[in-house]
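This is what each chain is made of:
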Amino acid sequence: MNNAVNNGDDGIWSGTWVAERLGVELVGDDALTGLLGLALRRNPKRAHLLVSNVLGKHVPQSPSVVHGHGVALGRRVRELLGAEEAAQAVVLGYAETATGLGHSVADGLGAAPYLHSTRRPVAGVAQAGGFEESHSHATSHLLLPEDPALLVGAGPLVLVDDEFSTGNTVLNTVRALHERYPRGRYVVVALVDMRSAADAGRLDDFAREIGARVDLVAAASGTVLLPEGVLEKGQALVARYEGAAAGRHSSAAPSKPFAQFPAPPEHDVDLEAGSRTSPPGTRGGDIRGSAAGAREALHDPRPADDRTPQTRPRGHLTRVDLHWPRGLPDGGRHGFTPSHRARLEAALPAMTARLAEAIPEDASRVLVLGFEELMYAPLRLARELEQVVAAEVRYSTTTRSPVLAVDDPGYAIRSRIVFPAHDDPADGPGERYAYNVAGGGFDAVVAVVDSVADTRELHAPDGLLSQLAAHTPHVVLAVVPSYVPEPLYAAALSEERPAMLPEPLRGPAFSSYPPEEVGWLLQDLSDVTLEAPTEEREEAIQSGGAHYAESLPVEYQPSEQYQELFHAALETSAARIAQAVGVVTETVIAERSPRPVLVSLARAGTPVGVLMRRWAQFRHGLDLPHYAVSIVRGRGIDANALRWLAAHHDPRDVVFVDGWTGKGAITRELAAAVEEFEAGGGAAGFDAEIAVLADPGSCVRTYGTRDDFLIPSACLNSTVSGLISRTVLRADLVGPDDFHGAKFYRELAGTDVSVAFLDAVAARFPEVADAVGGAVKELLASDRTPSWEGWAAVERISEEYGIHDVNLVKPGVGETTRVLLRRVPWKILARAGAGADLDHVRLLAGLRGVPVEEVGDLPYTCVGLIHPQFTRGATGADGKAVAV
């Protein structure tokens, strides 16, 4: 490992072993084999692994070489862009392998801010985007900038990865970001461009597709020639060496994948003397249990707060307090600005001096070992350390990626150390690895981790520190504080409000929801008599004598049987609803805004908005603002509510929320209303696309599901919606400077299930979290263009049944339920074979004497038909339907 960059022991290329056994060839620039070696891994999509000699991930390398390659690429990008465009550029690196490389490219570019993707969700920080890396063993990437505006702008976006192989990952990223944050130029940067001839032309085609310029900068280029059947041969080879190693380790812990072959010698560590009996040059192995004494001694059971910095407990573990500058990010996970760079440069000499004090003066070879995505801070410390100590300094990092280790000079991964994850990863516990450390002849290893990873697992008997102690007499631990941004959102409740824009109404004074769950941008009309018999309202509405929003139906009081049906339906569908809530919320955060302002369309949207807010708290630690506003078919959305929202939030962050779509009338109503609002001088930036729990009518792009199923909140009226009535818009009650109105039915508190409904669904969040993740990945990659098939079906039904008015056709389970509760139903169309989702519909229809007709080709589970050309003579004395 002490030899030149391109060679292993005896001047042998570190890809020889794989090339000879699998027939793999690297063809390209003369520099290619100096930059890359080869190894094997178990991966169903790609058996071989290109191992970079200059990345600082798997192969310990001089930190000046690692940083220098990134800086050189950055300077090339600056020359390509020119000074003016370079000054506007933003650099984006890929987790985990290219986080340090991307940061180094940003250094070379000049004053560019830097962000890298991450696989670590951070509580309180919402996603500004995300993407998939198809060939990786861990694919999900998150973008978590402290300031989402970092990704917004006209300047070039520079995307940095260690290799450009097929181009799929980078092109998918650009496509996703361009849709949301369009710009005119992108630059793709990689250490090596390894695209095949078939992939080479895709970049130009892609640039034409998105209408932007896309350039590529790489240190070297070539391609990998793979013989037929190489994947199967590679998997067989891995299995063979894995099996052999398992036999050699039969006395240790149960065999795990990719064990070192041949088996490593045992090292006896004299913890007090800090020496080992094996020769320094002896290579280590797949270390899991070879140094029990070291692990026991290095395990310091005292909490971190009880340990003093710069002390040396048994096993020569020295903990160094770097005095990391307060508030300085530990890397680019949330963004790293030019001002951050200046602070880091100023602090590096003093921090490095503290590390140097902990390294023995007679040390001749030192490794600075970073931690997974934490690559840049350890790299810069190592680069500085290289200047101030006499020892030869090398740099590499730990990784999540499992690779076969073979102790052969022609193989890139000579040894590996295996240890448990120590940062409580979101995808659960698992093994982590440090390659080419065992047997590297290091007199000291400086492990640099962030504070999230400074856990008991790190210090445990089988943890990383103990494993390192088996291979070096001195272990130094430096912990960098994990940077967590302060939330950008802070409700400006203390700001002075214009008189025409009063404070939102909140529970318990208005609604049974807790005050933090929702603010109602409504006026309280609880003392006004607005209810009218259903038949009178229907006749007035259909005759044109009144609008449906000018009065309220008498609140339906459910029977005991109906309430039992509601609770049974909730028990059955709570998990299904929870998953849909999770999917729509994650989609909103990924695509619409990292910190959305949820604005529910009262009242069916309100329970959904509350649940989305709860999911954001559960999954991301976000405290999202949530309001409810009125929208009235034929009269639009409450313009004063929009003015209030624009005065307190960025309209671009507002996401309108509803329960479900039927034929899409409200979707169209909202789009027209927002357009009219802006045309009339209102604030611009509101996105009229609604996010819904269920979209059976295929009317929107943002939804939790397109299935038409029973959402229990549709079964009831105010008693599942915070005891709030439908909204009211009547000229004698709502002036030009007023919010629309609604009533609070305090007298119905005894039958209120609003909070119980929310709690029942939210209780299922943990069990559906994994399913939500998978569903969101599929959804974000799918074509969600609305087909409006629901609208077409409604038009067809309206004509087939002689109604000739689409407003009297209410498709879907939710809308059908509303017809039975609030209007005068004529008949119900049910899809043949519909099951328990329609139990409550059948019950209500029976109570009102409404026929249920089964239809074979219905696109919805059911459709409710309001009585056409209604007069009070269309029902009998008991209010039940009369055939026409």
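Residues numbered from 1 in each chain as written. Predicted model: local features only at pLDDT ≥ 70, side-chain atom pairs only at ≥ 80, totals over all residues. Heavy atoms only, no water.

## With respect to the overall build of the protein chain
Counting secondary structure elements, the protein chain contains 23 helices and 34 strands. Here the protein chain, with 884 residues, has 60% of them falling under the buried criterion. Taking as baseline every contact in the protein chain between residues at least 6 positions apart, the subset at least 24 positions apart corresponds to 76%. (Helix = DSSP H or I, 4+ residues; strand = E, 2+ residues; numbered from the N terminus. Buried < 20%, exposed > 50% of the residue type's maximum accessible area, 1.4 Å probe, protein only. Contact = heavy atoms within 4.5 Å.)

## Things to note about the side chain of Ser754
If you trace the backbone, Ser754 turns up in helix H19 (residues 754-762). Side-chain polar atoms of Ser754 contact the backbone nitrogen of Ser721, separated by 3.3 Å. (Polar contact = N/O pair within 3.5 Å; in protein donor to acceptor, adjacent residues only side chain to side chain.)

## Observations regarding the nonpolar core
Core analysis: the biggest nonpolar cluster contains 137 residues, and Val158 and Tyr411 have the highest contact counts within it. Here this core gets 7 residues from one element, more than from any other, and that element is strand E9 (residues 185-193). In this structure, Leu598, Ala641, Phe656 and Val734 belong to the second largest nonpolar core, which totals 108 residues. (Core = buried A, V, L, I, M, F, W, Y, C linked by side-chain atoms within 4.5 Å.)

## A look at the side chain of Ser798
Within the secondary structure, Ser798 sits in helix H21 (residues 789-800). Not counting residues up to four positions away in its chain, the partners in contact with Ser798 are Ile803, His804, Asp805, Val806 and Val809.

## Some words on helix H11 (residues 376-388)
For H11, built from 13 residues, the straight-helix expectation of 18 Å at 1.5 Å per residue is met to within 8% by its first-to-last C-alpha distance of 19 Å. Here H11 has its buried residues at Tyr376, Ala377, Pro378, Leu379, Arg380, Leu381, Ala382 and Leu385. In this structure, the buried residues of H11 make contact with helix H3 (63-86), helix H4 (99-109), helix H10 (338-358), strand E14 (365-370), strand E15 (392-397) and strand E18 (444-450). (Expected span 1.5 Å × (residues − 1).)

## What to know about helix H18 (residues 665-679)
Compared with the 21 Å implied by 1.5 Å per residue over 15 residues, the 21 Å span of H18 between its first and last C-alpha is a close match. Structurally, H18 contributes buried residues whose contacts are with strand E25 (626-632), strand E26 (636-637), helix H17 (639-648), strand E27 (654-660) and strand E28 (690-694). Once H18 finishes, Gly681 follows within two positions and takes phi at roughly 100°, a positive value.

## Describing the pairing of E9
Extensive coverage of E9 is indicated by the burial of 9 of its 9 residues. Here 7 bridges tie strand E8 (residues 157-164) to E9, and the two strands are oriented parallel to one another. Note that in E9 the partner of Val160 across the bridge is Val189. (Pairing = 2+ DSSP bridges.)

## Observations regarding the confidence of the model for the protein chain
With 83% of its residues at a pLDDT of 70 or more, the protein chain has an overall mean of 81. In the model, residues 249-285 has pLDDT below 50 throughout and makes 104 contacts with residues more than four positions away in sequence or in other chains. Ignoring residues within four places in sequence, the model shows residues 287-315, a span with pLDDT below 50, making 69 contacts including any to other chains. (pLDDT = per-residue confidence, 0-100.)

## Some remarks on the sheet that holds strand E33 (residues 852-855)
Remark on secondary structure: sheet strands pair via backbone hydrogen bonds, oriented parallel or antiparallel. An order of E31-E34-E32-E33 is seen for the 4 strands of this open sheet, with the pairing classed as mixed. Of all strands in the sheet, those with a lone pairing partner are strand E31 (809-811) and E33, marking the two edges. If you compare each strand with its neighbour and ignore which way they point, the axes differ by 20° on average. Inspection of the sheet shows strand E32 (residues 825-831) paired to E33 by 4 bridges, in the parallel sense. Opposite Leu829, over in E33, you have Glu853 as the bridge partner. (Axes fitted to C-alpha atoms, helices over the stretch in contact; angles between N-to-C directions.)

## Let's talk about the pattern of salt bridges
In this structure the tally under the stated criterion is 36 salt bridges. Here the residues in one salt-bridge network are Glu517, Arg613, Arg614, Asp623 and Asp759, joined through shared partners. (Salt bridge = Lys/Arg side-chain N within 4 Å of Asp/Glu carboxyl O.)

## Observations concerning the packing of aromatic side chains
Scanning the model with the defined rule gives 13 aromatic pairs in all. Taking 6.3 Å as the distance between ring centres and 40° as the angle between the ring planes, the aromatic pair formed by Phe656 and Phe686 counts as tilted. Here Phe686 lies in the loop between H18 and E28 and Phe656 lies in strand E27, a separation of 30 residues in the sequence. The pair Phe656 / Phe686 is uniform in exposure class, with both members buried. (Phe/Tyr/Trp six-rings, centres within 6.5 Å; stacked < 30°, edge-to-face > 60°.)

## Focus: the sheet that holds E18
Pairing is parallel in the open sheet, where 5 strands are placed in the order E13-E19-E18-E14-E15. The strands lining the two open edges of the sheet, one partner per strand, are strand E13 (317-320) and E15. Along the sheet, successive strands turn relative to each other by an average axial angle of 20°, direction set aside. As judged from the 6 bridges shared by E18 and strand E19 (residues 475-480), these two strands associate in the parallel manner.

## A look at the environment of Ala356
Within the secondary structure, Ala356 is located in helix H10. Classification of Ala356 by relative accessible area gives partly exposed; the value is 22%. In the structure, Ala356 is positioned 36 residues away from Val320 in sequence and 9.9 Å away in space, judged by C-alpha atoms. Residues contacting Ala356, with those up to four places away along its chain left out, are Leu385, Val388 and Val389.

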